[in-house]
Every structure is written in structure tokens, then in C-alpha cells.
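Chain by chain, the residues run as shown.
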Amino acid sequence: MSRKNIAAGNWKMNKNYEEGLELARGLAAKSVGSNALMILATPFIHLKAVGDIIKDASHIHLAAQNCHQNASGAYTGETSLDMLKSVGVSHVILGHSERREYFHESNELLAEKVNAVLEAGLTPIFCCGERLDIREADTHVAYVANQIKESLFHLSEADFGKIIIAYEPIWAIGTGVTASPKQAQDMHREIRQMIAGKYNAATADNCSILYGGSVKPANAVELFGQPDVDGGLVGGASLKADDFCAIYEAF
Ligand code: PEP
């Protein structure tokens, strides 16, 4: 997969069914197709209907916010990749910091989920990022490197080429505090160097690396203008069609 500009919206556990469909209709109507991709990570129960709404908007893709690593079976409350595929999901967010913190998802479990998503032929959006105390201790680069190494660096070069990475410093998620464009660029460059060191420069150059953490219309242009920032994974500002369209148009 070649490097792309991407605005991905993570709705998290927001919007009831009708509200979600209204948001999807607004996005399908307002956002104009361009070379950038728009990805909507809706709650599970919205996926099928949102997929129907966006089916003629070729720039909009459907994502799940999580999946189970096993194909099927007695896993009450979980959702399989086969189910996600059957309703038109193309991308799966993995390792969001909220899943790591509240659902105890480890780097090892995420490696299994990455494998399962790739085997299913879908695209993982792999999240990484450090807590504030790690940033303040100036160990954030090593921390993120370890997340990437333990969950992704077992992949072949060909499989790694199918991954999208989202760098999301936890101190910037949902806090209104955005990483400065320089902080985002510095970490994205580090991530690209890690990939070049493990694989090669072409693989690093082809990888789409998104920034996440309080992206909004007012800061998207500057963030997305950084040479190693290929777009954003957006929470709060993806819940309003006008705001998310403005972010999508910031490239
Ligand atoms: C996120 O949930 O991935 C996120 C970055 O949230 P927010 O944009 O609200 O900080």
C-alpha cells in the first residue's frame, strides 16, 4: 500500500444509531472526494448502515474500533473479522490507548490481532503513544519503539507494507492539549527511521503515519503540513460533520 493522506474519525462509544446515521449522511454529502481517504470508525452496531450510506462515496472507508483475534467461537460480546468483513469493513483500529488501558490489551495480544486482521485481508490502523510521565522522563521514543517492535516487527516486509500507524500521545487524547507540530513531526520521523532500520527506506517512506490527539480544524493544516505526518486519527472533532470535513480538507 502506498503512502496516503488520511483523515480517520474514531467515534468511540458516542452517537446512538440515528445520530450516527445522520453524521454519516452529513459526511457523505459534504466531504468532497480528493486523493485523501476518509475513514469512519463507528460503533459496531452502526457499521452496516453507515456502510450503506457511504457506498457511493469512494473516498470514505469503514473501520471497526477493535476486533477479536480468533475466527469464531465462545467469546461472548466479541466481534470477529469475518463479521466485520461481511458488512463492508476495510480497516480496523488496533491498540488504541483506551483499549490498552481499560481492556488491558498488551503488545503481545496486539501482535495477534495485527496478524488476524492481515490474514482477513483488512488494514490495521495500529495505535501507539506514550503517557505524560513517559514524555516528561524523555523516554517516549524508546517506549513507542518498543510498542512497534513487539506488535509489528515480526511482520514480513510485504505485510508491514499494509499497516497504517497512528501515533497518539496519550496526554493529547481528548484533553484539548495537542502535540505541537514539531513534537508530532519529531516522533513521526523517529517512527519512520525505526521502520527504515528494521526493513528499508522504501518501506518507511511508503508507510502512512497519522497523528492523533486533539486534532481540530484550527490545527489540522499545520499538523498535516509536517513532512512525516500523513493525516490524523480524530476523536472528538470527528463527531461533527462540519469539523471533520474541515479536517479532511486540511491536506
Ligand atoms: C482518539 O480517540 O484517537 C483521539 C485522538 O481523540 P481526540 O481527537 O478527541 O483527542
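Attention here is on the structure that accompanies the text. (Residues numbered from 1 in each chain as written. Predicted model: local features only at pLDDT ≥ 70, side-chain atom pairs only at ≥ 80, totals over all residues. Heavy atoms only, no water.)

## Overview of the site of the ligand
Move 1: Close contacts around the ligand come from 14 residues, with Lys12, Glu168, Gly174, Ser214 and Gly235 the closest.
Move 2: Within the side chain of glutamate 168, a nitrogen or oxygen atom sits 2.6 Å from an oxygen atom of the ligand.
Move 3: Computed on the free molecule, the ligand has an accessible area of 290 Å², of which 95% lies beneath the protein chains in the complex.
Move 4: Among the residues forming the shell around the ligand, the class breakdown is four nonpolar, eight polar and two charged. (Near = heavy atom within 4 Å. Polar contact = N/O pair within 3.5 Å; in protein donor to acceptor, adjacent residues only side chain to side chain. Areas by Shrake-Rupley, 256 points an atom, 1.4 Å probe, with all protein chains shown as cover. Nonpolar A, V, L, I, M, F, W, Y, C, P; charged D, E, K, R; others polar.)

## A look at the sheet that holds strand E7 (residues 208-212)
Move 1: The parallel closed barrel is built from eight strands, whose spatial order is E1-E2-E3-E4-E5-E6-E7-E8. Direction aside, the axes of adjacent strands within the sheet are offset by 25 degrees on average.
Move 2: In terms of strand pairing, strand E6 (residues 164-167) meets E7 through four bridges, oriented parallel. Its bridge partner lying in E7, isoleucine 164 is registered against serine 208. (Pairing = 2+ DSSP bridges. Helix = DSSP H or I, 4+ residues; strand = E, 2+ residues; numbered from the N terminus. Axes fitted to C-alpha atoms, helices over the stretch in contact; angles between N-to-C directions.)

## Brief notes about the nonpolar core
Move 1: Of all hydrophobic cores here, the largest spans 68 residues; its most connected members are Val92, Ile148, Leu152, Ile165 and Ile191.
Move 2: Among all residues touching isoleucine 165, those that are not within four sequence positions of it are Phe126, Cys128, Ile148, Leu152, Phe160, Ile191, Ile195, Cys207, Ser208, Ile209 and Leu210.
Move 3: Counting 13 residues, the second largest nonpolar core, distinct from the first, contains Ala63, Cys127, Ile164 and Leu233. (Core = buried A, V, L, I, M, F, W, Y, C linked by side-chain atoms within 4.5 Å. Buried < 20%, exposed > 50% of the residue type's maximum accessible area, 1.4 Å probe, protein only. Contact = heavy atoms within 4.5 Å.)

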